[in-house]
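What follows is each chain in one-letter form.
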Amino acid sequence: MAEIVIDPTLGPVLARTGDERAVLESFLDFHRATVTRKLRGLSDADARRRLVPSLTTLAGLVKHLTLVERNWFPYLLAPEPGDVPPTTEEEAAASFTLDDADTVQSLLAGYERACARSRAVAAHFDVDYVVPHPQLGEVSLRWILTHMVEETARHAGHADILRELTDGATGAV
């Protein structure tokens, strides 16, 4: 039998026989990395370009996902004084809005910090751990991880299309 060669950059493939948590976390990290790859190498102007009627831009997607990471991991699982997740549609829409200080570099750094914090917070809890949620009642870490895979993958798809429209670059890796 021929040896199977697996690309080590594809975490979900490496975790294909892992436990539930390893699979969920590897898919989430894969989609997080895809999002950052879509923004890397762009100028600030290209990252801010609106190519669709909504506020969705490559830079705005990363800013939004940074807030999403904070909302679902630290704010719910390890809140600090003053942590209040947004609960309105207006607050959610504002998470895509860029200000003058938002650069490709600052947005990527903020997103990577938020993802690292999310990983660190989640590591302290079993996937069955349940927390109160202001709109849903209760959610488990399993549900949070699954939701974050879906949310991040959906926006990675948006980023893929926006990057292709920006400079023709395609592919997840």
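Here's what I pulled together on the structure shown here. (Residues numbered from 1 in each chain as written. Predicted model: local features only at pLDDT ≥ 70, side-chain atom pairs only at ≥ 80, totals over all residues. Heavy atoms only, no water.)

**Focus: the packing of helix 4 (residues 58-72) against helix 8 (residues 141-167)**
Here is step 1 of the chain: Between helix 4 and helix 8, whose axes approach to 10 Å, the crossing angle comes to 175°. Judged on the interaxial angle alone, helix 8 and helix 4 are roughly antiparallel. The residues of helix 8 that touch helix 4, namely those facing Leu58, Leu61, His64, Leu65, Val68, Glu69 and Trp72, are Trp143, Ile144, His147, Met148, Glu151, Thr152, His155, His158, Ala159, Leu162, Arg163 and Thr166.
Here is step 2 of the chain: For the contact of helix 4 with helix 8, a count of residues per class yields 10 nonpolar, six polar and three charged. (Axes fitted to C-alpha atoms, helices over the stretch in contact; angles between N-to-C directions. Helix = DSSP H or I, 4+ residues; strand = E, 2+ residues; numbered from the N terminus. Parallel < 35°, antiparallel > 145°, perpendicular 65-115°, else oblique. Contact = heavy atoms within 4.5 Å. Nonpolar A, V, L, I, M, F, W, Y, C, P; charged D, E, K, R; others polar.)

**Brief notes about the packing of aromatic side chains**
Here is step 1 of the chain: Under the criterion given, the structure shown has two aromatic pairs.
Here is step 2 of the chain: Plain terms: the ring middles of Trp72 and Trp143 are 5.4 Å apart, the flat faces sit at 50° to each other, and that makes the pair tilted. Of this pair, Trp72 sits in helix 4 while Trp143 sits in helix 8, placing them 71 residues apart in sequence.
Here is step 3 of the chain: Since its relative accessible area comes to 12%, Trp72 is described here as buried. (Phe/Tyr/Trp six-rings, centres within 6.5 Å; stacked < 30°, edge-to-face > 60°. Buried < 20%, exposed > 50% of the residue type's maximum accessible area, 1.4 Å probe, protein only.)

**Details of the side chain of Thr56**
Here is step 1 of the chain: Within the element layout of this structure, Thr56 appears in the loop between helix 3 (44-48) and helix 4.
Here is step 2 of the chain: The class of Thr56 is buried, set by a relative accessible area of 17%.
Here is step 3 of the chain: A polar atom in the side chain of Thr56 sits 2.8 Å from the side chain of Ser54.
Here is step 4 of the chain: Ignoring sequence-local partners within four residues, the contact set of Thr56 consists of Leu61 and Leu162. (Polar contact = N/O pair within 3.5 Å; in protein donor to acceptor, adjacent residues only side chain to side chain.)

**Quick notes on the pattern of salt bridges**
Here is step 1 of the chain: The full count for this structure, using the stated rule, is 15 salt bridges.
Here is step 2 of the chain: The partner of Arg40 in a salt bridge is Glu112, and the shortest N-O contact between them spans 2.2 Å. Here Arg40, found in the loop between helix 2 (20-39) and helix 3, pairs with Glu112, found in helix 7 (residues 104-122); they are 72 residues apart in sequence, far enough to count as distant.
Here is step 3 of the chain: Glu112 sits in the partly exposed class, given a relative accessible area of 34%.
Here is step 4 of the chain: Between Asp167 and Arg163 there is a salt bridge, with the nearest N and O atoms lying 3.0 Å from each other. On the criterion of helical spacing, the pair formed by Asp167 and Arg163 is a turn pair, its members being four residues apart in helix 8.
Here is step 5 of the chain: Of the residues examined, Asp167 reaches a relative accessible area of 42% and is grouped as partly exposed.
Here is step 6 of the chain: Within this structure, Asp29, Arg32, Glu69 and Arg119 form a network of salt bridges that share partners. (Salt bridge = Lys/Arg side-chain N within 4 Å of Asp/Glu carboxyl O.)

**A closer look at the pairing of strand 1 (residues 130-133)**
Here is step 1 of the chain: Side chains Val131 and His133 project from strand 1 onto a buried face, and the interleaved Val130 and Pro132 project onto a face without burial.
Here is step 2 of the chain: Note that strand 1 and strand 2 (residues 137-140) share four bridges and pair antiparallel. Directly across from Val130, in strand 2, lies its bridge partner Ser140.
Here is step 3 of the chain: Where strand 1 folds back on strand 2, the antiparallel hairpin that results is connected by three residues. (Pairing = 2+ DSSP bridges.)

**What to know about the environment of Ala120**
Here is step 1 of the chain: If you trace the backbone, Ala120 turns up in helix 7.
Here is step 2 of the chain: Judged by its relative accessible area of 37%, Ala120 falls in the partly exposed class.
Here is step 3 of the chain: When the C-alpha atoms of Ala120 and Phe73 are compared, they prove to be 9.2 Å apart, with 47 residues separating the residues in sequence.

**Quick word on helix 8**
Here is step 1 of the chain: Helix length check: helix 8, at 27 residues, gives a terminal C-alpha distance of 38 Å against a target of 39 Å (1.5 Å per residue), a fit within 8%.
Here is step 2 of the chain: Phi for Gly168, located one or two positions after helix 8, is positive at around 85°. (Expected span 1.5 Å × (residues − 1).)

**Here we look at the environment of Gly168**
Here is step 1 of the chain: Topologically, Gly168 is positioned in the segment after helix 8.
Here is step 2 of the chain: On a C-alpha basis, the gap between Gly168 and Ser95 in space is 26 Å, while along the polypeptide they are 73 residues apart.

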